[in-house]
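# Reading the structure
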Amino acid sequence: MLVAALALAGCAGDDDESAEDWANSVCAGMSTWLTEVDEALQPLTDDGLSINEEDVETAVEQVEEATTTLVEDLDELGPPETEGGEAAQRELENLSTELRSEVDTVQEAVDSETGTGELASTVSMSVSEAFEEISSTLAELRGVDPAGELEQGFENADECDSFREQLDELGS
């Protein structure tokens, strides 16, 4: 009986660690995306009205690459080993769909050969939408697990601490 109780206690610890590892992976991917997108858009904000079509197209390519990488990384994660794991996986799948949609919106703007200002505006709006989707998904992920393992995992994950700091810096 004691051995069974210890085995169950060990499994609970593994789930907590697994939830934290999973949360670390999610936050690390999102943090990398945010950094890459911020760096891609920086020349557009620095140059202001003097931006040209080549600058915007370069930024679009970099944002698309960062977004594709994030979507692929999130898709490869699979569900966490928690009670709400499948729900968490669905949240990431929904996020991936939304991010792909934003990339498609930007690509359509590039293909339609709109003016540089309109293209820059489309890129900015799509990135803003993607940012909101990521923030919303992160909040949803914390609450999908009835046992609270994911919430605890996100709370304890070092990468999530760094990501929250990064979000705070960009918000100020």
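Before reading on, note that the structure itself is shown above.
Overview of the structure. Worth saying up front: this structure is predicted, and the values here are computed from it rather than measured. (Residues numbered from 1 in each chain as written. Predicted model: local features only at pLDDT ≥ 70, side-chain atom pairs only at ≥ 80, totals over all residues. Heavy atoms only, no water.)

## Structural notes on the state of the cysteines
To keep it simple, the criterion reads: When the sulfur atoms of two cysteines come within 2.5 Å, that pair is taken as a disulfide. Counting from the N terminus, the helices are the DSSP runs of H or I reaching at least four residues and the strands are the DSSP runs of E reaching at least two. Think of it in three bands: with a 1.4 Å probe and only protein chains considered, a residue is buried below 20% of the maximum accessible area for its type, exposed above 50%, and partly exposed in between.
Throughout the structure, instances matching the rule amount to one disulfide. Residue pairing for Cys27: its cysteine sulfur links by disulfide to Cys160, the two sulfurs lying 2.0 Å apart. Across the S-S bond of Cys27 and Cys160 the torsion is about 90°, and the bridge reads as right-handed. You can see Cys27 sitting in helix H1 (residues 2-47) and its partner Cys160 sitting in helix H6 (residues 158-171), a full 133 residues away along the chain. For the pair Cys27 and Cys160, a shared accessibility class is recorded, and that class is buried.

## Examining the packing of helix H2 (residues 53-77) against helix H4 (residues 116-143)
Geometry of a packed helix pair, given as the angle between the helix axes and the separation of the axes. Definition in use: Axis lines are fitted to C-alpha atoms, over the contacting stretch for helices. Their N-to-C directions set the angle, which ranges from 0 to 180 degrees. Relative orientations are named as follows: roughly parallel for angles under 35 degrees, roughly antiparallel for angles over 145 degrees, roughly perpendicular for angles from 65 to 115 degrees, and oblique for any other angle. Whether a crossing is left-handed or right-handed is set by the direction in which the near helix is turned from the far one by less than a right angle, anticlockwise for left-handed and clockwise for right-handed. Note on definitions: a residue-residue contact is assigned when non-hydrogen atoms from the two residues lie within 4.5 Å. Under this grouping Gly is polar, as are all residues other than the nonpolar Ala, Val, Leu, Ile, Met, Phe, Trp, Tyr, Cys and Pro and the charged Asp, Glu, Lys and Arg.
Contact geometry of H2 with H4 gives a least axis separation of 10 Å together with a crossing angle of 20°. As summarised for this structure, H2 and H4 are arranged roughly parallel, according to the angle between their axes. Once H2 is placed against H4, the crossing between them reads as left-handed. Residue-level contacts link Glu53, Val56, Val60, Val63 and Leu70 of H2 to Thr116, Leu119, Ala120, Val123, Val127 and Ile134 of H4. Residues that form the contact of H2 with H4 fall into these classes: nine nonpolar, one polar and one charged.

## Notes on helix H5 (residues 149-156)
To keep it simple, the criterion reads: In this context, the arc is that of the directions from the helix axis out to the C-beta atoms.
Along H5, the residues classified as buried are Glu149, Leu150, Gly153 and Phe154. With its buried residues spanning 130° around the axis, H5 presents them on a single face.

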